Amino acid sequence: MHHHIEEMGKYIVRYPHLDDPSKHSRLWVQEEIEDVLANDLGTEAIRCIGLKITPEIVLGGLRNMKKLKCLIIDYRFYNNYSADYVKIDEVLECFPNSLRYMYWCGYPHTCLPETFRANNLVALKIHNNKIEKLWEAGKVMKKLKTLVMQVTKLRTCDLGLMPNLERLHLTECVDLAEVRVPVGGHKTLVDLSMSNCKSMKSLSFIRQLESLEVLEILKLEHREFPDIIPQHSNSALLQLKIVDGDIEEVATSIGNFRKLVYLNLNGSKHLKSLPISFYSLQHLRTLTLQHSGIEELLEDLGQLECLEMLDLRYTHIKQLPDSICTLKNLKTLLLHGCKLLEKCPQDLCQLESLEVLDLSWCKIRDIPSSICRSKHLKTLLLKGCDVLDKLPEYLGQLESLEELVLKRCYNIRELPSSICMLKRLKILDLEFCHELKNLPEELGDIESLRELNVRWTNIRRLPHRISLLKDLNIVGFGEEVDVGLNSRL
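Predicted, not measured: the structure shown is a model, and the values here were computed from it.

What about the overall build of the protein chain?
Secondary structure assignment for the protein chain yields three helices and 22 strands. Across the 489 residues that make up the protein chain, the buried fraction comes to 48%. Considering only residue pairs separated by 6 or more positions, the protein chain has 33% of its internal contacts joining residues 24 or more positions apart. Summed over its atoms, the accessible surface of the protein chain is roughly 23300 Å², and 47% of this surface lies on carbon and sulfur atoms.

Here it is in structure tokens:
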């Protein structure tokens, strides 16, 4: 559907002047663009142009497009942009001051031309280029709201020249050593992302971004938690993401981010625990500690009363605090790959909002029977729980369950008969359950069942009633299997 809408839009643009691209408001066909530029046919009718750099391109032809608002230039499509096909004199002519959006991949020079006033520029995105600074001399861009610099040689970034900037993304700017903030702070920046900016020795400038709501720092090589937390507790920050870093501890002042709703410390392998002050983040909804070195969570976890998603995948957690069961709003609990975790709290049923529980590849020996009272649980993942030998007898009370994965539960010998009461079950995965020989006869009563995987089990016969499930896809039976009445199997 989206493709058809796009094609219809392109037709509408071209229809009034099918044979004269110079009168189109938008140009995207490379051959037509090359012809317009080479023959200097650009007009004020053209508002948007997206082109690929080739030896045939003549960028000087952009000078007549006085009302051009959107310029997209991609240098990647010819010979890995190893040859310099864009000359500096052409660059001086190809930036109309009417531009509001510019994206240039492979910009070939060290700065933007001084002749480009950028009075109307709202978004500037430059990727994979030689640029060291935006201009030779400082130039204030009052309308600029978005600046994205990826894989550049940029050395400094002066926010004082961008007083209304709202979004700043700096990726692989390995020479970037300083971000300057004007005296009194920056008032409008709400979204800051920095990835692999290896030359940045200090991030303390972030404390002066008083409107910042989203902060993302990737591949931070500092062992200490970055100096980003203001002294006051009225920070506007809502989302904090520090991923694949070397931090060893979280600053005790983390509690000053009182409005924080999302915290992601994925990949912090040296981080063993969280400070007590962390548990005062009363508005936190998502906590991601995947692939971190976290070994324990304190009983104070129960104070995070707004928490909806807790991701502890591939951590060193040995046990969960009992207070986790008091998290009334928790919808998703991910423990995949917690190989030191051997048991769950007994009162899991108190997680009255729980919808997804992933215990895959844990050393869980027993599933608490109380889980059967989890009325909203939709997904239960037990893949690779190789010491688990039985399921709760009253599993069928999970009235909302849609997906049950027991793949590689090598010691499961039977399924509880109550499983046939799961009226919403769509997926039942039993692959590699070697000890499993039979399925409950009433399995065919689960009219919602759409996928049954019994590959590499010892099941040699299907229940007869299963033939009534016309939309069921069964995976893993050989010709020797008795499929009962269902001839299509």
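Here we look at the pattern of salt bridges
Enumeration according to the criterion identifies 16 salt bridges in this entry. Measuring nitrogen to oxygen at the nearest pair gives 4.0 Å for the salt bridge that ties Asp191 to Arg167. With a gap of 24 residues between them, Asp191 in strand 10 (residues 191–195) and Arg167 in strand 8 (residues 167–171) connect regions that are remote in the sequence. For Asp191, a relative accessible area of 17% translates into the label buried. Judged by its relative accessible area of 27%, Arg167 falls in the partly exposed class. A salt bridge links Arg465 to Asp445, with the shortest nitrogen-to-oxygen separation between them at 3.0 Å. Of this pair, Arg465 sits in the loop between strand 21 (451–453) and strand 22 (473–475) while Asp445 is found in the loop between strand 20 (427–429) and strand 21, placing the two residues 20 residues apart along the sequence. Accessibility expressed as a relative area gives 41% for Arg465, which makes it partly exposed. For Asp445, a relative accessible area of 29% translates into the label partly exposed.

Things to note about the pairing of strand 4 (residues 101–105)
Where a strand is regular, its side chains alternate between the two sheet faces. Most of strand 4 is tucked away, with four of its five residues classed as buried. Looking at chain direction, strand 3 (residues 70–74) and strand 4 are connected through five bridges and run parallel. Residue pairing in the sheet places Ile72 in a bridge with Tyr103 of strand 4.

Digging into the side chain of Ser268
Turning to its location among the elements, Ser268 is positioned in the loop between strand 13 (262–264) and strand 14 (286–288). Residue classification places Ser268 among the buried residues on the basis of a relative accessible area of 0%. Side-chain polar atoms of Ser268 contact the backbone oxygen of Leu265, separated by 2.9 Å. With sequence-adjacent residues up to four places away left out, Ser268 is seen in contact with Ile242, Gly245, Ile247, His291, Ser292 and Gly293.

Quick notes on the confidence of the model for the protein chain
Across the protein chain, pLDDT averages 88, with 89% of residues at or above 70. Confidence over residues 479–489 falls short of pLDDT 50; this stretch has 20 contacts with residues more than four positions distant or in other chains.

Some thoughts on the packing of aromatic side chains
All chains considered together, the criterion is met by seven aromatic pairs. Summarising the aromatic geometry, the rings of Phe95 and Trp104 are spaced 5.9 Å apart at their centres and angled 35° between planes, so their arrangement reads as tilted. You can call Phe95 buried: its relative accessible area is 6%. With a relative accessible area of 0%, Trp104 lands in the buried category. With a centroid separation of 6.2 Å and an interplanar angle of 15°, the aromatic rings of Phe432 and Trp456 are classed as stacked. On the criterion of sequence distance, the pair formed by Phe432 in the loop between strand 20 and strand 21 and Trp456 in the loop between strand 21 and strand 22 is long-range, its members being 24 residues apart. Taking the relative accessible area as the measure of exposure, Phe432 reaches 17% and is therefore buried. By relative accessible area, which is 56% here, Trp456 ends up exposed. Members of the aromatic cluster, joined through ring pairs, are Phe95, Trp104, Tyr107, Phe116 and Trp135. In this arrangement the basic side chain of Arg408 is found over the ring face of Phe432, its NZ or CZ atom lying 4.1 Å from the centre.

Considerations on the layout of surface pockets
Rolled over the atoms, a probe as big as a water molecule pinpoints where empty space is left. Approximately 250 Å³ is the volume attributed to the largest pocket. When residues in the lining of the largest pocket are grouped by element, the largest group, three residues, is from strand 7 (residues 156–158).

Topic: helix 2 (residues 30–38)
When helix 2 is considered as a whole, its buried residues turn out to be Gln30, Glu32, Ile33, Glu34, Val36 and Leu37. Phi turns positive, to about 55°, at Asp40, one or two residues after helix 2.

A word on the nonpolar core
If you look at the biggest cluster of nonpolar residues, it comprises 141 residues, and the most contacted ones within it are Ile228 and Leu240. Among the elements that make up this core, the one with the highest residue count is helix 2 (three residues). The residues contacting Leu240, other than those within four sequence positions of it, are Leu215, Phe225, Ile228, Ile254, Phe257, Leu260, Tyr262, Leu263 and Asn264.

Details of a positive patch on the surface
Together, Lys67, Lys69, Arg100, Lys143 and Lys145 make up a region of like positive charge exposed at the surface. With respect to the helices, strands and loops of the structure, Lys145 is situated in the loop between strand 5 (123–127) and strand 6 (146–150).

A closer look at unusual backbone geometry
Phi is positive for Glu172, which is not a glycine, with a value near 55°. Tracing the backbone shows Glu172 in the loop between strand 8 and strand 9 (178–180).

Calculation criteria
Residues numbered from 1 in each chain as written. Predicted model: local features only at pLDDT ≥ 70, side-chain atom pairs only at ≥ 80, totals over all residues. Heavy atoms only, no water. Helix = DSSP H or I, 4+ residues; strand = E, 2+ residues; numbered from the N terminus. Buried < 20%, exposed > 50% of the residue type's maximum accessible area, 1.4 Å probe, protein only. Contact = heavy atoms within 4.5 Å. Areas by Shrake-Rupley, 256 points an atom, 1.4 Å probe, with all protein chains shown as cover. Salt bridge = Lys/Arg side-chain N within 4 Å of Asp/Glu carboxyl O. Pairing = 2+ DSSP bridges. Polar contact = N/O pair within 3.5 Å; in protein donor to acceptor, adjacent residues only side chain to side chain. pLDDT = per-residue confidence, 0-100. Phe/Tyr/Trp six-rings, centres within 6.5 Å; stacked < 30°, edge-to-face > 60°. Lys NZ or Arg CZ within 6 Å of the ring centre and 35° of its normal. 1 Å grid on protein atoms, 1.4 Å probe; cavity = no way out; pocket = protein on both sides within 12 Å on 5 of 7 lines; lining within 4 Å. Points joined across faces, edges and corners; volume = space filled by probe spheres on them. Core = buried A, V, L, I, M, F, W, Y, C linked by side-chain atoms within 4.5 Å. Patch = residues over 30% accessible without salt bridge, like charges linked within 9 Å, V, L, I, M, F, W, Y side chains within 5 Å. Lys, Arg positive; Asp, Glu negative; His and termini not counted. Charge placed at Lys NZ, Arg CZ, Asp CG, Glu CD.

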